[in-house]
Amino acid sequence: MSLLGLDVGTTGCKAIVFSREGEPLSQSYQEYDELYPRPGWAETDPNQIWNAIRQVISQAVAEASSPVEAISTSVLGEGFHPIDKDGNPLRKTITSVDGRAQAETDAIGEQRSEIEIFEMTGMALHRSYALPKIMWIRDNEPDVFRNTWKFVHYGDYVSMKLGVEPVVDQSIAGRTLALDVRQRDWCDEILEVAGIGRELLPRVAPAGEIIGEIPSSIASELGLPAGVKVVTGGHDQPVCALGAGVLDPGLAADTTGTVECMTIPMEKPVLTEAMLKQNLSVYPHVVPDRYVTLAFVYSAGNVLKWYRDKFASEERREAEMTGEDVYDIMVGRAAPGPSEVFLLPHFTGSGTPYLDGDSRGAILGLRLNAGPEHMVRAILDGIAYEMRINLEALKKAGIKVQRLHTIGGGAKSDEWLQSKADILGARLHALDVSEAGCLGAAMLAGTAIGVFPDLHTVADHLVQERRIFKPRRAKRKLYNKAFKVYKKIYSSIKKVNHQIADLARELDEA
C-alpha cells in the first residue's frame with residue numbers, strides 16, 4: 001500500500017506516490033501558465049490546473065507498484081477563486097502577487113489599525129491576501145459574487161473535485177487575512193469589517209484530518225482503488241518545512257521554487273510590533289501546536305524561468321539534445337560571483353520585509369561586455385541577497401534561526417547553494433529530499449490513517465542530510481562588499497519604480 005502527495009504550485013503541479021517507508025515509487029509533473037491580463041493583475045486558470053492535476057495523479061498512480069491508500073496536498077498560498085455548488089469555477093484564480101485590491105485593503109485599514117489587524121489575524125494588512133480580493137469581486141463582479149457558493153483555495157478545491165467536502169486547513173486559512181490566529185477559525189470581527197459572510201468560506205480544520213473517501217466513480221477515472229482517504233494538507237511552505245524536517249523552533253526551511261521562502265516554526269504566535277514592522281506573518285503550521293512565520297521574495301525560480309523562456313534558446317536546444325536539465329546548463333555557465341551586474345528580483349513586487357507590490361525588477365551595472373553568464377549570476381545572487389535581507393529582518397524581530405535546511409528546485413544545484421552560503425554567511429544543510437512538498441503531504445496522509453505514529457517520528461526517520469555548504473572566507477569577504485551595494489538598490493529606485501507602476505495603470509486605463 002502507498003501514499004500520494006500532491007503539490008499544486010503557481011506554475012506547475014506534481015504527484016508522487018510514496019511507499020510506507022517513504023520511498024518514491026512514481027511521479028508525474030505538468031506545467032501551466034500564470035496569466036497577467038492587466039498590469040498588476042495575476043491569475044491562473046483553475047480548469048487548466050484541475051486538468052493538469054488529473055493527469056499527474058493518473059500517471060503517477062498508473063506507474064506505481066502499490067495501490068494508494070490516502071492522498072493529501074501541498075498548495076500555493078493566497079490563490080483562490082469562487083465556485084458554485086457543483087464545484088465549477090466562476091472566474092479565474094486570483095494569485096498572491098495580484099495587486100488589484102488596494103482600495104479594498106485601504107478600506108479595511110480605515111476601520112482597524114494595522115496592529116489590531118495583526119494581533120487578530122497574524123497578517124500585516126496587505127492587498128496580496130484573499131479577503132480584500134473577495135471584496136473586490138463583490139464590488140466589481142457582482143454577478144460572480146451573487147452566484148458564488150464558496151471561495152476556495154486549491155486544497156479545498158481539489159478535495160471537492162475528488163468528491164468530498166471542500167475543507168480548508170488552518171495554514172491556508174491563515175493566508176487569507178480572515179483567520180483568528182489564536183482560535184484557528186474564521187475571525188468574525190474582521191469578516192464584519194470586510195462585509196463578507198462566513199457562509200461564503202469553507203469549514204476550517206487542522207492539517208492531517210481525514211475528511212472523506214473518494215467516491216468510486218471519481219476514483220476509477222483517476223485509476224485509484226476504492227476507499228482512498230482524502231486528508232487535509234496545507235500551505236506549501238509549512239508542508240515543505242514538514243518534508244524538510246523543520247517542525248520545531250530554531251530550525252528554518254529555505255525553499256527555492258517559484259518563490260524563495262524561509263519558513264520558521266514557533267511554539268506560539270509572536271504578535272509583536274517588531275514582527276509587524278518587518279511584515280513577518282504568523283499563522284498555523286501543519287504540525288499540531290506549532291505556528292510559523294515566513295520571510296520571502298516573491299520572484300525567485302520564476303525569474304530563472306523568465307530568463308530561460310525569453311533568452312536561453314541555445315541552452316534549451318542543448319538540453320533537448322543532451323537530456324541535461326536546462327537549469328543545470330544555465331547555472332553551470334554563470335560567471336563567478338560576486339558580479340558588478342546586480343539584479344533586483346522584484347518582477348512581481350517585493351516580498352518581505354518591504355511587501356511593496358509596486359516595486360519592479362531592475363538590472364544595474366550593465367556594460368558592453370555583459371553576457372548571459374553575468375545575467376544568470378546576477379539572478380542567482382540577487383535572490384540570495386534578498387534572503388540575506390530577510391535574515392536580518394528576522395533577527396530584528398527577535399526570531400532566531402540556528403539551522404537552515406535547503407529544499408526545492410534551487411537546492412539541487414551545488415553551485416547555487418555554495419554561492420548562497422557565501423552570501424548568507426551561514427551553513428546550508430542540503431537534504432536528500434527531492435520533493436519536500438509531496439513528501440510532507442504524504443507524511444500528513446500517512447499519519448492521518450495510522451501508517452506513521454506521529455509527524456516528529458516520521459520526519460526523523462525520512463529526512464536525511466545530503467551535504468553541508470559552508471561559507472568560504474575569501475568569497476564571503478567579497479560578497480559582504482557587494483551586499484552593501486545591493487542593499488541600497490531598493491530604496492534608491494523605489495520612487496521611480498512607483499512612478500512606473502502608476503504610469504502602467506494609467507496606460508492600461510487609456
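Thresholds applied
- Residues numbered from 1 in each chain as written.
- Predicted model: local features only at pLDDT ≥ 70, side-chain atom pairs only at ≥ 80, totals over all residues.
- Heavy atoms only, no water.
- Helix = DSSP H or I, 4+ residues; strand = E, 2+ residues; numbered from the N terminus.
- Pairing = 2+ DSSP bridges.
- Contact = heavy atoms within 4.5 Å.
- Axes fitted to C-alpha atoms, helices over the stretch in contact; angles between N-to-C directions.
- Right-handed = clockwise from strand over helix to strand, strands pointing away.
- Phe/Tyr/Trp six-rings, centres within 6.5 Å; stacked < 30°, edge-to-face > 60°.
- Buried < 20%, exposed > 50% of the residue type's maximum accessible area, 1.4 Å probe, protein only.
- Lys NZ or Arg CZ within 6 Å of the ring centre and 35° of its normal.
- Parallel < 35°, antiparallel > 145°, perpendicular 65-115°, else oblique.
- Nonpolar A, V, L, I, M, F, W, Y, C, P; charged D, E, K, R; others polar.
- Polar contact = N/O pair within 3.5 Å; in protein donor to acceptor, adjacent residues only side chain to side chain.
- Left-handed = near helix turned anticlockwise from the far one by under 90°.

1. Focus: unusual backbone geometry
Then, in step 1: The step from glycine 337 to proline 338 runs through a cis peptide bond, and the omega angle for that step is -5°.
Then, in step 2: Position of proline 338 among the secondary structure elements: in the loop between α14 (326–332) and β20 (342–344).
Then, in step 3: The residue after threonine 352, namely proline 353, is reached through a cis peptide bond having omega 0°.
Then, in step 4: If you trace the backbone, proline 353 turns up in the loop between β20 and β21 (362–364).
Then, in step 5: Here asparagine 279, not a glycine, exhibits a phi torsion of approximately 55°, which is positive.
Then, in step 6: When you line up the elements, asparagine 279 lands in the loop between α11 (273–277) and β18 (283–284).

2. Concerning the sheet that holds strand β19 (residues 291–297)
Then, in step 1: With respect to topology, seven strands assemble into an open sheet ordered β18-β19-β17-β16-β22-β23-β24, the strand pairing being mixed. Where the open sheet ends on each side, the last strands, each with one partner, are β18 and β24 (465–469).
Then, in step 2: Relative to β19, helix α15 (residues 372–396) is tilted by about 140°, and along the sheet it contacts β16 (250–256), β17 (260–266), β19 and β22 (401–408).

3. Observations regarding the pairing of β22
Then, in step 1: For β16 and β22, the ladder comprises seven bridges, and the chain directions are parallel. Among the inter-strand pairings, aspartate 254 is bridged to a residue of β22, identified as threonine 406.
Then, in step 2: Summarising the sheet, β22 and strand β23 (residues 428–431) pair through three bridges and their orientation is parallel. Bridging across to β23, histidine 405 finds its partner in histidine 429.
Then, in step 3: In this region the chain leaves β22, passes through helix α16 (residues 414–424) and returns to the parallel neighbour β23; the handedness of that crossover is right-handed.

4. Considering the packing of aromatic side chains
Then, in step 1: Taken as a whole and judged by the stated rule, the model has 13 aromatic pairs.
Then, in step 2: Between tryptophan 306 and phenylalanine 347, the aromatic rings sit 4.9 Å apart at their centres with planes inclined by 70°, giving edge-to-face as the arrangement. You can see tryptophan 306 sitting in helix α12 (residues 301–311) and its partner phenylalanine 347 sitting in the loop between β20 and β21, a full 41 residues away along the chain.
Then, in step 3: For phenylalanine 347, a relative accessible area of 32% puts it in the partly exposed group.
Then, in step 4: Ring plane angle 40° and centroid distance 5.6 Å describe the contact between tyrosine 307 and phenylalanine 311, whose orientation is recorded as tilted. Placement of the pair is tyrosine 307 and phenylalanine 311 together in helix α12, with a separation of four residues, close to one helical turn.
Then, in step 5: Judged by its relative accessible area of 4%, tyrosine 307 is buried.
Then, in step 6: Taken together, the ring pairs connect Phe342, Tyr385, Tyr479, Phe483 and Tyr486 into an aromatic cluster.
Then, in step 7: Above the plane of the ring of tryptophan 136 lies arginine 100, whose end atom (NZ or CZ) is 4.7 Å from the centre.

5. What to know about the packing of α15 against helix α19 (residues 473–486)
Then, in step 1: Close contact between α15 and α19 brings their axes to 11 Å; oriented N to C, the two are set at 80°. It follows that α15 is roughly perpendicular to α19 by the angle criterion. Across from Arg377, Asp381, Gly382, Tyr385, Glu386, Arg388, Ile389 and Glu392 in α15, the residues of α19 making contact are Arg476, Tyr479, Asn480, Ala482, Phe483 and Tyr486.
Then, in step 2: Looking at the contact of α15 with α19 residue by residue, the class counts come to six nonpolar, two polar and six charged.

6. Things to note about the side chain of aspartate 84
Then, in step 1: Within the element layout of this structure, aspartate 84 appears in the loop between β6 (80–83) and β7 (93–94).
Then, in step 2: A distance of 2.9 Å separates a polar atom in the side chain of aspartate 84 from the backbone nitrogen of asparagine 88.
Then, in step 3: With near-sequence residues (within four places) excluded, aspartate 84 lies in contact with Leu90, Asn147, Trp149 and Met160.

7. Topic: the environment of arginine 403
Then, in step 1: Relative to the assigned elements, arginine 403 resides in strand β22.
Then, in step 2: Measuring from C-alpha to C-alpha, the distance between arginine 403 and alanine 319 comes to 35 Å, with 84 residues separating the pair along the chain.
Then, in step 3: Once you skip the residues sitting within four places of it in the chain, arginine 403 turns out to touch Gly250, Leu251, Ala252, His429 and Glu465.

8. Quick word on the environment of alanine 101
Then, in step 1: Within the secondary structure, alanine 101 is located in the loop between β7 and α2 (102–111).
Then, in step 2: Classification of alanine 101 by relative accessible area gives buried; the value is 0%.
Then, in step 3: Not counting residues within four places of it along the chain, the set of residues in contact with alanine 101 comprises Arg127, Pro132, Lys133 and Trp136.

9. Here we look at the packing of helix α17 (residues 436–448) against helix α18 (residues 455–462)
Then, in step 1: Contact geometry of α17 with α18 gives a least axis separation of 10 Å together with a crossing angle of 135°. On the basis of the axis angle, α17 is oblique to α18. The interaxial crossing formed by α17 with α18 has right-handed handedness. In contact with Leu439, Met443, Leu444 and Thr447 of α17, α18 contributes Leu455, Val458, Ala459 and Leu462.
Then, in step 2: Considering only residue class, the contact of α17 with α18 consists of seven nonpolar, one polar and no charged.

10. Examining α16
Then, in step 1: The element α16 is largely enclosed, with a buried count of nine among its 11 residues.
Then, in step 2: The complete set of buried residues in α16 reads Trp416, Leu417, Gln418, Ser419, Lys420, Ala421, Asp422, Ile423 and Leu424.
Then, in step 3: Following α16 by one or two positions, glycine 425 adopts a phi angle in the positive range, close to 65°.

11. Quick look at the pairing of β19
Then, in step 1: Buried residues dominate β19, accounting for seven of its seven residues.
Then, in step 2: Here β19 shows a buried face lined by Tyr291, Thr293, Ala295 and Val297 and a second buried face lined by Val292, Leu294 and Phe296.
Then, in step 3: Across seven bridges, the pairing between β17 and β19 is antiparallel. Bridging across to β19, proline 265 finds its partner in valine 292.

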